[in-house]
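What follows is each chain in one-letter form.
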Amino acid sequence: MLPETRQFDAALRIVAALRAAGHQAYLAGGCVRDLLLGREPKDFDVATSATPDIVLKLFPRTFAVGAHFGVVLVATCGGAVAADAATMESAEQEYVTTEVATFRSDGAYSDGRHPDAVRYTTSAEEDVRRRDFTINGLLLDPEKMFAWDFGEPTHPGHKDKVLTSAGHPGVIDFVGGLADLEAGVVRAIGQPDARFEEDHLRMLRGVRFAARFGFELDVETAAAMRRLAPKTAAVSRERVRDELTKMLTEGHARRAFELLDATGLLKEVLPEVARMKGVEQPPQYHPEGDVWVHTLGLLDQLQAGCPLTLAWGALLHDVGKPPTFRRAPDRIRFDGHVEVGVAMGAEICRRFRFSNDETHQILLLIDNHMRFADAPHMKSSTLKRFFRLPSFEQHLALHRMDCLAGSGNLEHWEFVRERWQSMPAETVRPQPLITGRELIAAGYQPGAQFKEMLRAVEDAQLEGTIATPDEALRLVKERFPGI
């Protein structure tokens, strides 16, 4: 089934407008790959022989975000790409933006990211051959795709239907991308070393594509990754972070990290995680094996679309175990691994430039993942404060994955979940009985002990031993008589 989205409609209209003006234009890249796999693309890109200045003049609303690399964003509204600008400004519908890229040939990539210079070309083949992987190097004449014949998957890794070999009219394939799609292979276009020298991040992208689609890495492509893995040190940490986050949240995290390890990329981008391999755990608590195997067990449970903080919390929850490993007389121990893990997690979040909010949540997940075992013995006030942790459902999810990747015992998880779900919100976060204002009115001088006083009142309130402002003031006078 072909997509019925505003993005698809916008891309079709842009292609039609470019062709009507005498230029070549095709759908290109990942959207073609996804259409052939029977998946709905997230966006649609257009490749054209028209140069950026022509594209900028042809469409009334454009954004020259990457015009020096031949890329222009074209905004469409209500399906009209050739309307005058005034009409588009007054339109009430939301704009849809489509990336339109001019056919080009790239020069050297001295920074391992961007070409030093680009040369525009009218050759679609020349443009395709500078792209990354064969499965991303397909072009599509959209006018011919309505005759597509969808058949059964031709590769065991395909969960969705893929076109039969004779059922894709309009697809232009200069690099063997169709054969690799049907075989389930991620293969670099041309010489893998050359592609990865141009843009080092392509190695991580190749791993992500293989994991996402259940494909294998081509042998030569994987070998080039192993040779050039250290080059990823030159890639901005934000770009590495974004690729790793996609791997963790696309629903195939375990496979992605197994491939990162097999290609030597893991020890380059996350050496702290790579050090988990071979770190033994006490078999009575972790019959599954070492810390690496255990962590893979958590990654295997991450669902597509899960919060990035939960995904990174799952990855890093035991990151403090390798440096705290010791073999005691009674059993293997990891004394202080939570505290060490929080410190290591903070450094990793800083290195990858996570936001303050993201960092805070990831560290909370690491810091609290062992507290569930104490929950049945917690005072009521302590348990309620535990429930106040931001996004507590993520803590529940992490503990459940942690248990299922280890002993399988969900007793503590079930206890906490039942109490959390049954406890009314107003009992977890009750309105304060008194504030600093009432303490001042009662004759107390503002100072550092106000926090201790109010904490004692709140503890008693959470325990259910007091319930009124008068009782709260009486408790303060009893607990802090000399102030």
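Residues numbered from 1 in each chain as written. Predicted model: local features only at pLDDT ≥ 70, side-chain atom pairs only at ≥ 80, totals over all residues. Heavy atoms only, no water.

## Regarding the sheet that holds strand β9 (residues 171–173)
The seven strands are arranged β3-β4-β5-β2-β1-β8-β9 in an open sheet whose pairing can be described as mixed. In this open sheet, the two strands that pair with only one neighbour each are β3 (62–66) and β9. Here the strands of the sheet are splayed against their neighbours by 35° on average, with no regard to which way each runs. Relative to β9, strand β8 (residues 138–140) runs antiparallel, the two sharing three bridges. Bridging across to β9, L140 finds its partner in V171. (Pairing = 2+ DSSP bridges. Helix = DSSP H or I, 4+ residues; strand = E, 2+ residues; numbered from the N terminus. Axes fitted to C-alpha atoms, helices over the stretch in contact; angles between N-to-C directions.)

## Topic: the packing of helix α15 (residues 308–316) against helix α20 (residues 392–404)
Helix-helix packing: each pair is described by the crossing angle between the helix axes and the interaxial distance. The N-to-C vectors of α15 and α20 enclose an angle of 35°; their axes lie 10 Å apart at closest approach. The two elements α15 and α20 cross, and the hand of that crossing is right-handed. Residue-level contacts link T309, L310, G313 and A314 of α15 to Q394, A397, L398 and M401 of α20. Looking at the contact of α15 with α20, its residues break down into five nonpolar, three polar and no charged. (Left-handed = near helix turned anticlockwise from the far one by under 90°. Contact = heavy atoms within 4.5 Å. Nonpolar A, V, L, I, M, F, W, Y, C, P; charged D, E, K, R; others polar.)

## Some remarks on the pairing of strand β5 (residues 96–102)
Counting buried residues along β5, five of its seven residues qualify, which places the element largely inside the surrounding structure. Pairing geometry for strand β2 (residues 45–48) and β5, over three bridges, is parallel. What sits directly across from T48, in β5, is T102. (Buried < 20%, exposed > 50% of the residue type's maximum accessible area, 1.4 Å probe, protein only.)

## A short note on the environment of L139
Within the secondary structure layout, L139 lies in strand β8. Relative accessible area serves as the criterion here: at 1%, L139 is assigned to the buried category. Note: C-alpha distance between L139 and A124 (15 residues apart in sequence) is 8.6 Å.

## Side note on the pattern of salt bridges
Under the criterion given, the structure shown has 35 salt bridges. Put simply, R353 and E238 hold a salt bridge, and the shortest N to O gap is 3.4 Å. One end of the pair, R353, is in the loop between α17 (337–351) and α18 (356–368); the other, E238, is in helix α10 (residues 237–249), with 115 residues separating them in the sequence. Residue R353 is classed as partly exposed on the basis of its relative accessible area of 48%. Taking relative accessible area as the criterion, E238 reaches 29% and is therefore assigned partly exposed. With a shortest N-O distance of 2.7 Å, R327 and E280 are connected by a salt bridge. Remark: E280 occurs in the loop between α13 (271–274) and α14 (291–299) and R327 occurs in strand β12 (residues 326–327); sequence separation between them is 47 residues. What emerges from the salt-bridge pattern is a single network uniting R385, R388, R455, E458 and D459. (Salt bridge = Lys/Arg side-chain N within 4 Å of Asp/Glu carboxyl O.)

## Some words on the packing of aromatic side chains
Taken as a whole and judged by the stated rule, the model has 14 aromatic pairs. Where F386 meets F387, the ring centres are 6.4 Å apart and the plane angle is 25°; that geometry is what we call stacked. Here F386 matches F387 in class, with each residue buried. Linked through ring pairs, F133, F196, F209, F213 and F215 together constitute an aromatic cluster. For the cation-ring pair, R19 lies above Y26, with the distance from its terminal atom to the ring centre recorded as 5.3 Å. (Phe/Tyr/Trp six-rings, centres within 6.5 Å; stacked < 30°, edge-to-face > 60°. Lys NZ or Arg CZ within 6 Å of the ring centre and 35° of its normal.)

## Concerning the side chain of D199
Note that D199 resides in the loop between α7 (192–198) and α8 (202–213). Among the polar contacts made by the side chain of D199, one reaches the main-chain amide nitrogen of L201 at a distance of 3.1 Å. (Polar contact = N/O pair within 3.5 Å; in protein donor to acceptor, adjacent residues only side chain to side chain.)

## Some details on the confidence of the model for the protein
Taken residue by residue, the protein gives an average pLDDT of 91. The fraction at 70 or more is 89%. Long-range and interchain partners of residues 159–165, a stretch whose pLDDT sits below 50, account for 28 contacts in this model, where long-range means more than four residues apart. (pLDDT = per-residue confidence, 0-100.)

## What about the environment of L410?
Mapping L410 onto the fold places it in the loop between α20 and α21 (411–422). Looking at L410, the relative accessible area reads 17%, which means it is buried. Excluding anything up to four places from it in sequence, L410 contacts R400, C403 and L404.

## Remarks on the environment of M370
Along the chain, the position of M370 falls in the loop between α18 and α19 (380–387). Judged by relative accessible area, which is 46%, M370 ranks as partly exposed. Distance in space between the C-alpha atoms of M370 and D402 is 9.7 Å, their sequence separation being 32 residues.

## Focus: the nonpolar core
Within the largest apolar cluster, 94 residues are counted, with the highest numbers of intra-cluster contacts made by L27, L244, F257, L270 and W312. Ranked by residues supplied to this core, first place goes to α8 with seven residues. In contact with L27, other than residues within four places in its own chain, are F8, A11, V15, V32, F44, D45, V46, L138, L139, L140 and P142. (Core = buried A, V, L, I, M, F, W, Y, C linked by side-chain atoms within 4.5 Å.)

## Some thoughts on helix α9 (residues 219–228)
Within α9, the full set of buried residues consists of T221, A222, A224, M225 and L228. Projected onto a plane normal to the axis of α9, the buried residues spread over an arc of 160° and lie on a single side. Opposite its buried face, α9 presents the exposed residues V219 and E220, each directed more than 90 degrees away. Those residues of α9 hidden inside the fold are in contact with β10 (185–186), α7, α8 and β11 (216–217). With a side-chain oxygen positioned 3.3 Å from the backbone nitrogen of E220, the residue opening α9 is D218. (Arc of directions from axis to C-beta.)

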